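Close look at the chain arrangement
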Amino acid sequence: MLDIKFTEAKTLKEKPADETKLGFGKIFTDYMFVMNYDKGQGWHDPRIEPYHPFEIAPGCVVLHYAQEVFEGLKAYRTKENVIQLFRPDCNAERMQDSCERLCIPKVPKDDFIQAVKALVEVEKDWVPHSEGASLYIRPFVFASMEQLGVHASTSYIFCIILSPSGAYYSTGLAPVRIYVEDEYIRSAPGLTGFAKCGGNYAASIKSGELAEELGYSQVLWLDGVEHKYVEEVGSMNIFFKIDGKIYTAPCVGTVLPGVTRRSIIELCRDWGYEVIEEKIAIADIMKAGHEGRLEEVFGSGTAAVVSPVKELKYMDDTIIIGDGNIGSFTQRLYDTMTGMQWGKIRDAKGWIVPVCQG
Ligand SMILES: *Cc1c(COP(=O)(O)O)cnc(C)c1O
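Note that strand β16 (residues 305-314) and strand β17 (residues 317-320) share four bridges and pair antiparallel. Considered in β17, the bridge of Lys313 is made with Thr318. Count of turn residues in the β16/β17 antiparallel hairpin: two residues, of which Met315 carries a positive phi of about 50 degrees.

Taken domain by domain, the protein chain holds domain 1 (5-165) and domain 2 (176-326). One C-alpha centre belongs to domain 1, the other to domain 2; they are set 28 Å apart. Each partner contributes residues to the interface: domain 1 has 16 residues there, and domain 2 has 18 residues. Across the interface of domain 1 and domain 2, roughly 1,500 Å² is buried in total on both sides, 60% from carbon and sulfur atoms. In terms of surface lost to domain 2, no three residues of domain 1 exceed Phe70, Arg94 and Arg101, which account for 39% of the buried area on that side. Along the contact surface separating domain 1 from domain 2 lie one salt bridge.

A word on the nonpolar core. One finds Phe33, Ile137, Val141, Phe158 and Ile160 to be the most contacted residues of the largest nonpolar core, which totals 40 residues. With six residues, helix α3 (residues 109-122) is the largest single contributor of residues to this core. Other than its neighbours up to four places away in sequence, Ile137 contacts Glu71, Gly72, Leu73, Lys74, Ala75, Leu85, Val116, Val120, Ile160, Ile161 and Leu162. One finds Val230, Val233, Met236 and Ile319 within the second-largest nonpolar core, a separate group that totals 24 residues.

This brings us to the layout of surface pockets. One number sums up the size of the largest pocket: a volume of about 870 Å³. Taken together, 35 residues line the largest pocket, and the ones lying closest to its centre are Tyr201, Gln218, Gly234, Ser235 and Met236. Sorting the residues of the lining of the largest pocket by element identifies β7 (134-143), α4 (198-202), α5 (205-213), β10 (218-222), β12 (236-242), α6 (259-270) and β15 (294-301) as the ones contributing at least two each. Looking at which element gives the most residues to the lining of the largest pocket, the answer is α5, with four residues.

This part covers the site of the ligand. Near the ligand, the surroundings consist of 14 residues, among which Lys196, Tyr201, Glu232, Thr260 and Thr302 are the closest. Glu232 places a side-chain nitrogen or oxygen 2.5 Å from a nitrogen atom of the ligand. Val259 is positioned such that a nitrogen or oxygen atom in its backbone is 2.8 Å from an oxygen atom of the ligand. Out of a free accessible area of 380 Å², the ligand has 96% covered by protein chains. Applying the majority rule of atoms within 2 Å of the grid points places the ligand in the largest pocket. Mapped onto the shell around the ligand, the elements with two or more residues apiece are β12 and α6.

Rules of the game
- Residues numbered from 1 in each chain as written.
- Predicted model: local features only at pLDDT ≥ 70, side-chain atom pairs only at ≥ 80, totals over all residues.
- Heavy atoms only, no water.
- Pairing = 2+ DSSP bridges.
- Helix = DSSP H or I, 4+ residues; strand = E, 2+ residues; numbered from the N terminus.
- Domains from an automatic or database assignment.
- Contact = heavy atoms within 4.5 Å.
- Buried area = accessible area lost by both parts, 1.4 Å probe.
- Salt bridge = Lys/Arg side-chain N within 4 Å of Asp/Glu carboxyl O.
- Core = buried A, V, L, I, M, F, W, Y, C linked by side-chain atoms within 4.5 Å.
- Buried < 20%, exposed > 50% of the residue type's maximum accessible area, 1.4 Å probe, protein only.
- 1 Å grid on protein atoms, 1.4 Å probe; cavity = no way out; pocket = protein on both sides within 12 Å on 5 of 7 lines; lining within 4 Å.
- Points joined across faces, edges and corners; volume = space filled by probe spheres on them.
- Near = heavy atom within 4 Å.
- Polar contact = N/O pair within 3.5 Å; in protein donor to acceptor, adjacent residues only side chain to side chain.
- Areas by Shrake-Rupley, 256 points an atom, 1.4 Å probe, with all protein chains shown as cover.
- Sits in = over half its atoms within 2 Å of the grid points.

This is how it looks when you write it as structure tokens:
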């Protein structure tokens, strides 16, 4: 158990009056959790203190070589005013896997969960009350040592910040248009695709900007070797429903193992669907689309839960999925996942972790 020191803020921020205007990741709460690592000493000085800027040296490792990992999860407020988390153990475990890849010392899983819970409890009044809104939790670790040689840092900071976020879909689950990226790649075997690290995102921004200029909301990433198999969509995993079966890319090093992905796979199997985690060629997806066998396509991730896709553009070919509205299967997954998260339906899976009474 961590012995977390608490420093009280002198003044508190005004809570947002209109929860429909929260957006995503724009405002931050009053407090943050911080813990330091130094070689020889291990993780030390766990504390909750007022949210404030870090002072880091211009020669700090993370600024030059991106030795950093992060996580993303949410705290939800139920009708009964209970503040709860969704599978935080999965995030704790995944952060350890990311740390391992980036040569960052691991934060013990119990400490990660304790720190998240402690900070959320302190900030429980920041968990939004309106339907679909939640408190986004962003844990991250970065190399804090001053050094320009390319070596693992010997000091790190583990921090958790919180940001109240609005309903992802202000106008319902609006299906999006997706651009299949056939030039740039996000990941390749041996690289860091499975790790949630800032470097992956740095390399992905250019494609995202280009797709947006063309009127698409996200890019669909193909594999880094043959540019042939679908892997992920933007910062989400991707699912295809073809001839009644559910397909998604396997998590074999190049794909980020999403907590939402794995939860959706379990639900689909519980409901009797066949879920196939195998390489799927983009050519086969386009073909199924033209033949009318591609029933639904959606991305999955913590922020959106599911994000239905209505159009895929690959080189000179375009397919339209469904009638432009969310498919019934995607809607069922959304209702089930959010139902559990907001405590509207019973959690038969043991995925919900209560934090405190709001
Ligand atoms: C975080 C993330 C996901 C989704 O993971 P969840 O745990 O479901 O939120 C998918 N792909 C990438 C690249 C990600 O960073």
